[in-house]
Structures are given as C-alpha cells and as structure tokens.
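A structural walkthrough
Each chain, written out:
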Amino acid sequence: MKRRKFLAASALFSLLASTPAWAANKAAAKKPLPARTAAAKTGGRNAYKPVGRGVAARPGAVARPAAPPIETPARAALTLPEEPPALWRTYEVSSSITLSKVRGRSRVWLPLAQYKDSTWQRSLGHRWEGNFETAGIYRDPTAEMEVFVAEWKEGVAAPQLRLVSQVATQDRHFDVTHRNFVAERTDVLRRCLQPFAGGAEDSLRRIAERILGRIKDPVAQGKAIYDWVVDNTARDPLTPGSGRGDIAAMLESGHLAGKSADIALLFVALCRTVGLPARPVFGLRVDGSRLFTSLGASGELAQAQHCRAEFYAPGYGWIPVDPSDVRTAILEEHLGPADAKLSVLRKLLFGFWEMNWIGFNAAQDVSLRDAFGGTPLPQSAGGNLPFLVYPQAESADGRFSSLDRDRLAYSVTARRVNG
C-alpha cells in the first residue's frame with residue numbers, strides 16, 4: 001500500500017511541478033491562513049453571522065472571530081517526496097438572482113459554502129443586498145448545511161438579490177503514512193451509512209461483492225470501488241445540470257452514465273453497501289485547473305456546479321476522491337486507455353482535491369420545509385430534493401430552479417482576492 005501511494009504521490013508532484021502555478025506556490029509557502037476580511041469583521045447592515053437552526057441572521061451582527069491558523073501535519077520525508085507548500089487562496093464569489101413571471105409572494109433558497117472550517121476550506125463571510133422584504137442565513141445543523149433565504153412580497157415586479165461570499169481554500173491531500181486522526185462522531189458515520197432510496201440495495205450489494213472479493217482493509221476497499229466506478233461509468237453531457245442522482249434508475253437501465261452527481265453518488269452508494277461510510281460533497285468550480293482545462297471554470301459560473309465524494313477509514317479520517325473528474329477528462333481531453341496522463345490522473349484523484357472548487361454541503365433528500373420552515377421562516381410547498389446545489393425559487397405557480405432560465409436568471413462570478 002505504501003509503495004502504491006509513493007508512486008501515486010510521485011506522479012502527482014511530477015504533474016503539478018510542470019505547471020506555472022508551482023513557482024507561485026513556492027513563493028507563497030509561508031503565507032498564513034487568510035484572516036477574515038475587514039468587511040466580515042466589522043459587519044454592516046447585512047454582515048454574516050452563523051446562526052442556529054430556525055433563527056435568522058440579524059442585520060448588523062458581527063462575524064465570528066478569526067480562528068487560529070491551521071497547522072499542516074509534518075510529512076515523512078523518507079517515504080514521500082516533498083509536497084507542494086500550503087497555499088491558501090481567497091475567492092470572492094458574487095451571485096445575482098432575478099425572478100420573472102412570478103405571481104404572489106416569492107422566495108429563493110441559495111446554498112452557501114460549508115460553514116465548518118476544515119484544513120482545505122474556510123468560509124470568511126457574506127454580505128447581501130436586494131429589493132426583498134426579508135432575508136437571512138439559516139442553518140440545518142443535522143445536514144451541516146447553510147442556506148441563504150430571501151422572500152419578496154406580492155406585487156414586486158422583478159425580485160432581485162445579490163450575495164457576495166468570501167471563501168479561502170487550499171488543495172486537499174490524503175497521506176497514507178499519517179494516521180491517528182480524531183474519530184468522526186458516531187451519529188455522522190451512521191448517517192453516512194444510510195442506504196439510498198429506490199430499492200437498489202440488492203443490485204449494489206452484488207456489484208460491491210464482486211468488486212471487493214476478500215479485500216478487508218477500508219482504504220483498499222475504497223480504492224477498489226473508486227477504480228471500478230472510473231472503469232464502468234461514463235460522462236453524459238446531455239444530462240441536465242449536475243445529474244439526476246437516481247442510482248436505482250441508472251442500475252436498472254444498465255447504462256451507468258450521467259454527470260458528476262450521478263457518478264459520485266454511485267461511488268457513495270457502493271461504499272455504504274459494504275459498511276464503508278461515504279458521502280457526496282456538492283459545490284461549485286470557481287477557478288481554472290492546473291491539471292486539465294476541462295477540470296476548471298472561469299467567467300460565468302452558473303453552470304459550474306460539481307459533485308465530489310469522500311469515504312471514511314478509521315485512523316485516516318475522511319479520504320477525498322473524484323471519479324467524475326476522471327471521466328470528464330477522458331471525454332473532454334480525449335484520453336485513451338493507454339494514455340500516461342490518464343494513468344497519472346486516476347491515481348491522483350484518489351486522495352486529492354484541487355481546490356479550484358468550493359464545497360457547499362453533503363446533504364441528500366433535502367426538505368426545504370423541514371430545514372427552514374416554521375414561523376416566521378418561508379414555507380416550501382414542493383417535495384424533497386435529491387440534493388441542493390442550484391438556487392431554488394418558489395412562487396404561487398410552484399417551485400423552480402435556476403435551470404429554468406425563463407423564470408430565474410442566475411449569474412455567478414468569482415475573483416481571487418489573494419493567494
């Protein structure tokens with residue numbers, strides 16, 4: 001296992017070292033973790049303040065105090081090559097929404113960056129403006145998800161909202177030589193073992209048993225499932241959005257093709273079937289990629305949503321994977337089975353996330369009513385969503401998402417503030 005990880009790590013650093021960004025990484029090696037911006041600290045009429053479930057953010061509230069810098073674990077120099085230095089990049093993400101052809105009162109739900117600080121992402125603050133009647137940040141602590149909710153009274157001709165968020169990221173690495181991570185909470189692991197709805201458990205179990213055989217080690221199990229998903233799925237550019245997330249339908253059709261959510265959720269479902277806690281992580285690409293052009297985004301980001309995945313191994317914590325991006329590169333970069341770049345990429349994306357992407361949440365089967373309902377919060381009349389990565393809106397005519405461009409004009413841009 002250590003030998004395989006050494007080779008994968010060597011391939012990773014060879015690939016990254018060939019990019020122009022490598023020199024910039026070295027120059028910024030000693031940069032500290034970004035402090036929260038002055039706007040986020042001093043606040044304003046609509047400054048960010050994390051809130052509990054069912055409690056709206058109060059205008060003028062002061063943001064959280066800055067957390068101490070996160071220390072990067074020491075590396076074993078004799079077993080791994082030198083890793084790229086820690087480089088935190090801060091992005092300012094601006095989202096604009098305009099509703100049209102709506103009747104009666106209207107409301108919008110907009111997923112926000114993960115509010116819990118991690119070694120690879122940190123939310124620094126939000127500010128907003130618009131012609132809404134009420135607006136605020138609401139949190140579902142069970143799903144570990146924050147959502148911005150705005151509501152307009154009846155008669156507003158063109159409901160509008162602009163929200164600006166600052167998020168810091170740095171590349172996420174898994175190190176097989178580094179153990180003794182703090183164990184995850186039992187309730188979180190239990191939630192990440194729940195089977196998917198749709199009655200596909202038997203099919204998933206048969207596939208998982210063929211994949212694993214006698215493999216017992218959790219890390220090796222995750223790697224075997226990852227390899228199978230990469231080899232047996234395909235990216236379907238005609239699938240709308242990030243995918244439907246209907247694993248049962250995929251298995252029933254025998255055509256394992258879709259977008260990032262479909263491929264990531266198939267990996268998660270197979271892991272859970274064999275008792276390996278796993279979860280999807282939905283988010284948004286905000287920058288170009290150092291690996292392949294097709295794995296980055298720039299300019300208008302309204303269609304740049306992307307889903308990754310992670311699984312849990314005792315002693316190692318959560319291990320990041322991205323089988324969907326392997327399939328994206330195969331399609332968009334025309335990589336053949338014998339292409340050396342493909343071999344490097346598939347090794348790299350088991351245990352590595354390039355953080356030109358911001359994670360939103362890992363929530364599935366999302367009920368806007370349960371998470372954000374109750375007086376005086378807005379009520380949703382629609383059913384549960386398989387996941388929440390696109391803005392959702394509702395009026396007297398029902399619920400619709402940003403994929404309905406006739407009624408919901410959605411624009412997202414991002415710029416790098418530093419890093």
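Everything numeric in this text was worked out from a predicted model, so none of it was measured.

Once that is clear, we can look at the overall build of the chain. Counting its regular elements, the chain contains 11 helices and 17 strands. Burial statistics for the chain: of 419 residues in total, 54% are counted as buried. A separation threshold of at least 6 residues defines the contact pool for the chain, and within that pool the share at least 24 residues apart is 75%. Element-wise, carbon and sulfur atoms account for 52% of the exposed surface of the chain, whose accessible area totals about 18,500 Å².

Quick look at the nonpolar core now. With 89 residues, the main nonpolar core has Leu99, Phe148, Ile247, Leu266, Phe267, Leu270 and Phe311 as its most contacted residues. With 10 residues, the single largest contributor to this core is helix H8 (residues 260–273). For Ile247, the contacting residues outside a window of four places in its chain are Phe196, Leu204, Asp262, Leu265, Leu266 and Ala269. In terms of nonpolar packing, the next biggest core, distinct from the first, is built from 10 residues, Met145, Val366, Leu385 and Leu388 among them.

Here we come to the layout of surface pockets. By volume, the second largest pocket is sized at about 300 Å³. If you trace the second largest pocket, you find 17 residues lining it, with Arg235, Arg285, Gln303, Ala304 and Gln305 closest to the centre. Elements represented by at least two residues in the lining of the second largest pocket include exactly strand E11 (305–313) and helix H9 (323–332). With 3 residues, H9 is the single largest residue contributor to the lining of the second largest pocket. Per-class residue counts for the lining of the second largest pocket are 3 nonpolar, 9 polar and 5 charged.

The next subject is the pairing of strand E10 (residues 278–285). Within E10, 8 of the 8 residues are buried, leaving the element largely enclosed by the surrounding structure. Bridging between E10 and E11 involves 7 bridges; their strand directions are antiparallel. What sits directly across from Val281, in E11, is Arg308.

Time to look at the confidence of the model for the chain. Per-residue confidence for the chain gives a mean pLDDT of 83, with 76% of residues at or over 70. The low-confidence segment residues 18–31 (pLDDT under 50) makes 15 contacts with residues lying over four places distant or belonging to another chain. This stretch, residues 37–67, has a pLDDT under 50; its non-local contacts, to residues over four places away or in other chains, come to 66 contacts.

Before going further, it helps to spend a moment on the sheet that holds strand E6 (residues 160–169). Strand pairing in a sheet takes place through backbone hydrogen bonds and is either antiparallel or parallel in direction. Strand order in this open sheet of 4 strands is E3-E6-E1-E17, and the pairing throughout is antiparallel. The open sheet has two edge strands, strand E3 (121–130) and strand E17 (408–418), and neither has a second partner. For this sheet, the mean inter-axis angle between neighbouring strands, taken without regard to orientation, is 15°.

Further remarks concern the packing of aromatic side chains. In this description, an aromatic ring pair is defined by two values, namely the gap between the centres and the angle between the planes. Under the counting rule described, the total for this entry stands at 10 aromatic pairs. For the pair Trp120 and Trp353, a centre-to-centre distance of 5.2 Å together with 90° between the ring planes defines the contact as edge-to-face. Highlighted residues: Trp120 in the loop between strand E2 (106–111) and E3 and Trp353 in strand E13 (residues 352–353), separated in sequence by 233 residues. Taken as a pair, Trp120 and Trp353 share a single burial class, namely buried.

By the criterion of burial, E6 is predominantly enclosed, with 8 of the 10 residues buried. Pairing of strand E1 (residues 89–99) with E6 involves 10 bridges; the strand directions are antiparallel. For Ser94, the partnering residue across the bridge sits in E6 and is Val164.

With phi around 55°, Lys101 is a residue other than glycine that occupies positive phi space. You can see Lys101 is positioned in the loop between E1 and E2. The backbone of Asp365 sits at a positive phi, close to 50°, despite the residue not being glycine. Structurally, Asp365 can be placed in the loop between strand E14 (357–361) and helix H11 (368–372).

The subject of this paragraph is the sheet that holds E10. Read from one edge of the open sheet, 4 strands run E12-E11-E10-E14, paired in antiparallel fashion. Here the strands that pair on one side only, and so sit at the sheet edges, are strand E12 (317–321) and E14. Geometrically, the sheet is characterised by an average inter-axis angle of 40° between neighbouring strands, direction not taken into account. Across 5 bridges, the pairing between E11 and E12 is antiparallel. Bridge pairing links Ala309 to Val321 in E12. Sheet strands touched by H8: E10, E11 and E12. Its angle to E11, the strand with the most contacts, is close to 15°.

What follows concerns the pattern of salt bridges. Tallied over the full model, the rule gives 25 salt bridges. Salt-bridge contacts for Glu394 lead to Arg107; the nearest nitrogen and oxygen are separated by 2.8 Å. Taken as a pair, Glu394 in strand E15 (residues 392–395) and Arg107 in strand E2 lie far apart in primary sequence, 287 residues in all. Pair check on accessibility: Glu394 and Arg107 agree, each one buried. Across the pair Arg416 and Asp287 runs a salt bridge, and its minimum N-O distance is 2.5 Å. Of this pair, Arg416 sits in strand E17 while Asp287 sits in the loop between E10 and E11, placing them 129 residues apart in sequence. Its relative accessible area of 40% is what places Arg416 among the partly exposed residues. What emerges from the salt-bridge pattern is a single network uniting Arg105, Arg107, Glu133, Glu151 and Glu394.

The rules behind the values
- Residues numbered from 1 in each chain as written.
- Predicted model: local features only at pLDDT ≥ 70, side-chain atom pairs only at ≥ 80, totals over all residues.
- Heavy atoms only, no water.
- Helix = DSSP H or I, 4+ residues; strand = E, 2+ residues; numbered from the N terminus.
- Buried < 20%, exposed > 50% of the residue type's maximum accessible area, 1.4 Å probe, protein only.
- Contact = heavy atoms within 4.5 Å.
- Areas by Shrake-Rupley, 256 points an atom, 1.4 Å probe, with all protein chains shown as cover.
- Core = buried A, V, L, I, M, F, W, Y, C linked by side-chain atoms within 4.5 Å.
- 1 Å grid on protein atoms, 1.4 Å probe; cavity = no way out; pocket = protein on both sides within 12 Å on 5 of 7 lines; lining within 4 Å.
- Points joined across faces, edges and corners; volume = space filled by probe spheres on them.
- Nonpolar A, V, L, I, M, F, W, Y, C, P; charged D, E, K, R; others polar.
- Pairing = 2+ DSSP bridges.
- pLDDT = per-residue confidence, 0-100.
- Axes fitted to C-alpha atoms, helices over the stretch in contact; angles between N-to-C directions.
- Phe/Tyr/Trp six-rings, centres within 6.5 Å; stacked < 30°, edge-to-face > 60°.
- Salt bridge = Lys/Arg side-chain N within 4 Å of Asp/Glu carboxyl O.

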